[in-house]
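# Report on the structure
So you can see what is in the structure, the chains are spelled out below.
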Amino acid sequence: MKTFRSFVFVLLMAILLSGCYIKLYEENGLETRLDGNDMVFILKSEAGAIELLIDETIDFSALLVPDDYLKIVKHIDESTLIALARGSTMNQGEEILRIEGLTEKNLITSIKIWNICDTYHESNGTEPELLGDFTGDGQVEGFDFIPFAQSYGNAVGSPGYDSIYDMSSLENPAGKAFSGIWAKIYSQEGVPDGKIDGPDFIIFANNYGFANPYLGKWTFTGFIDYESGTYGSVKADGNGTLTIGQQSWEMSGPVEITASSTYTDEHGNVKSEEFSIEIDSVDIEFTSTEMTIAGTMANPVNGAKYDILMKGKLRVEGNEIYAESNGAGDGYGTFLLNPTRKIGEWTAHK
């Protein structure tokens, strides 16, 4: 009997947890009432996205929604499809829609309400992706919303369907699979279900307005301390900046570092100099835990070119992101390549 009770408990928990992702309600989740010549729609439960089909062609100007909502309106034959979502949950008791001049409830032929349990899902091993950034510029904004809205309501086999917008589903939704700087962002696709509808709109609306956390101006500090075959003991510390403007990690120019250096020349004399170094041909890679910079640096004394690699571990502190090599362990730091040898440590933040 104990075994049977345990099985029932586990089964019950599985059922409850399985409903903690995206749930679909029908008409009973929405109250409609007349206010003069307007039809008002009020939520009876929390919702992540809502879709209505009204058997009448309604002018866009007659549809009033709160300012922070994303609205999709499509005229299909002589009906009007309306889909609503926003970056946060729509609350019970909230007026989500007012349609001016609509007085007949029987014209509302379909109501769908999706709700999502906004929980952390374990990563499936992929790197984080800013879902909804269809243009690839590192931001989810109006230029992404336009094609998404055009594709909304389409399914596999229809000309308007494009799998890029099919990010989630009821059974296997997209997830917030990473913590830290990615914690509020849907960053791991779900399993497509062959249609663009509420589960996809929830994901897009949540990420609308977000930018890839790695974009922006990074400020660097660091030092080198190594034995050079040419100069003997070389020590330098410096700082610089690097601006990443697009998700393709395109830079706003070479990384410029102002440094003060102390080294011993070929005659055994200790030298101190102030100079600037440019790291060009910069290539940056991010994972969810690391930042890696590869580039070419010219020796400020004789102009000789060196390939360098900078590898740091990412961490979050408040609203700032850090990439650090010092204390991160083996494999992190600043390296000269060909042959590879570690020459220093660095920190960057934005």
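Residues numbered from 1 in each chain as written. Predicted model: local features only at pLDDT ≥ 70, side-chain atom pairs only at ≥ 80, totals over all residues. Heavy atoms only, no water.

## Re the overall build of the protein chain
Broken down by element type, the protein chain carries 3 helices and 18 strands. When burial is assessed residue by residue, the protein chain has 43% of its 350 residues classed as buried. Of all intrachain contacts in the protein chain linking residues separated by at least 6 positions in sequence, the fraction that spans at least 24 positions is 62%. As displayed, the protein chain has an accessible area near 18000 Å², and 50% of this comes from carbon and sulfur atoms. (Helix = DSSP H or I, 4+ residues; strand = E, 2+ residues; numbered from the N terminus. Buried < 20%, exposed > 50% of the residue type's maximum accessible area, 1.4 Å probe, protein only. Contact = heavy atoms within 4.5 Å. Areas by Shrake-Rupley, 256 points an atom, 1.4 Å probe, with all protein chains shown as cover.)

## Brief notes about the packing of helix α2 (residues 142-151) against helix α3 (residues 198-207)
The geometry of a pair of packed helices is captured by two quantities: the angle between their axes and the separation between those axes. Put simply, α2 and α3 touch, their axes get as near as 12 Å, and they point 175° apart. As judged from the angle between their axes, α2 and α3 are roughly antiparallel. Residues D144, F145 and F148 of α2 form the contact with α3, whose participating residues are D200, F201 and F204. A per-class count over the contact of α2 with α3 returns 4 nonpolar, no polar and 2 charged. (Axes fitted to C-alpha atoms, helices over the stretch in contact; angles between N-to-C directions. Parallel < 35°, antiparallel > 145°, perpendicular 65-115°, else oblique. Nonpolar A, V, L, I, M, F, W, Y, C, P; charged D, E, K, R; others polar.)

## Describing the sheet that holds strand β3 (residues 38-43)
Sheet architecture is open: 4 strands sit in the order β2-β3-β8-β5, paired in antiparallel fashion. For this open sheet the edge positions go to β2 (30-35) and β5 (63-64), each flanked by a neighbour on one side alone. In terms of strand pairing, β2 meets β3 through 6 bridges, oriented antiparallel. Bridge pairing links L34 to M39 in β3. (Pairing = 2+ DSSP bridges.)

## Some details on the packing of aromatic side chains
Across all of its chains, the model carries 16 aromatic pairs by this definition. Connected via pairs of aromatic rings, a cluster forms that spans F134, F145, F148, Y152, Y165, F201, F204 and Y208. Lying over the aromatic face of Y332, K311 brings its terminal NZ or CZ to 5.8 Å of the ring centre. Against the face of Y322 rests R315, its NZ or CZ located 4.3 Å from the ring centre. (Phe/Tyr/Trp six-rings, centres within 6.5 Å; stacked < 30°, edge-to-face > 60°. Lys NZ or Arg CZ within 6 Å of the ring centre and 35° of its normal.)

## Structural notes on the layout of surface pockets
Left-over empty space is what a probe sized like a water molecule reveals as it rolls over the atoms. Here the largest pocket is characterised by a volume of approximately 270 Å³. Forming the walls of the largest pocket are 16 residues, and the residues nearest its centre are G180, I181, F210, P213 and N319. Across the lining of the largest pocket, the residue classes break down as 9 nonpolar, 4 polar and 3 charged. Considered as a void within the structure, the second largest pocket measures approximately 150 Å³ in volume. If you trace the second largest pocket, you find 13 residues lining it, with S179, G180, I181, W182 and S288 closest to the centre. Among the elements that take part in the lining of the second largest pocket, strand β15 (residues 305-317) stands out by supplying 3 residues, more than any other. Broken down by class, the residue content of the lining of the second largest pocket amounts to 8 nonpolar, 4 polar and 1 charged. (1 Å grid on protein atoms, 1.4 Å probe; cavity = no way out; pocket = protein on both sides within 12 Å on 5 of 7 lines; lining within 4 Å. Points joined across faces, edges and corners; volume = space filled by probe spheres on them.)

## Description of the pairing of strand β16 (residues 320-324)
Counting buried positions over the 5 residues of β16 gives 4, a clear majority of the element. In the sheet, β15 pairs with β16 via 5 bridges, with the strands oriented antiparallel. Within the sheet, the bridge partner assigned to E317 lies in β16 and is E320. Between the end of β15 and the start of β16, which pair antiparallel, lie 2 residues, with G318 showing a positive phi angle near 65°. Sheet topology places β16 next to strand β18 (residues 341-349); 3 bridges connect them, and they run antiparallel. The partner of E324 across the bridge, within β18, is T347.

## Observations regarding the environment of K105
Inspection of the secondary structure assignment puts K105 in the loop between β8 (95-100) and β9 (108-116). Accessibility expressed as a relative area gives 43% for K105, which makes it partly exposed. When the C-alpha atoms of K105 and M39 are compared, they prove to be 8.1 Å apart, with 66 residues separating the residues in sequence. In this structure, K105 is in contact with T32, R33 and M39, ignoring residues within four places of it in sequence.

## Focus: the pairing of strand β6 (residues 69-76)
As paired elements, β6 and strand β7 (residues 79-90) share 8 bridges and run antiparallel to each other. In the sheet register, K74 faces β7, and the bridge partner there is L81. Between β6 and β7, which pair antiparallel and follow one another directly, the connecting turn spans 2 residues, one of which, D77, has a positive phi of 55°.

## Some thoughts on the side chain of N206
Mapped onto the fold, N206 is located in helix α3. A residue is classified by how much of its surface remains accessible, and N206, at 11% relative accessible area, is buried.

## A few points about the side chain of S79
Tracing the sequence through the fold places S79 in strand β7. The class for S79 is buried, based on a relative accessible area of 13%. Within the structure, the side chain of S79 is placed 3.3 Å from the side chain of D55, a separation counted as a polar contact. In contact with S79, other than residues within four places in its own chain, are L53, I54, D55, E56, T57 and K74. (Polar contact = N/O pair within 3.5 Å; in protein donor to acceptor, adjacent residues only side chain to side chain.)

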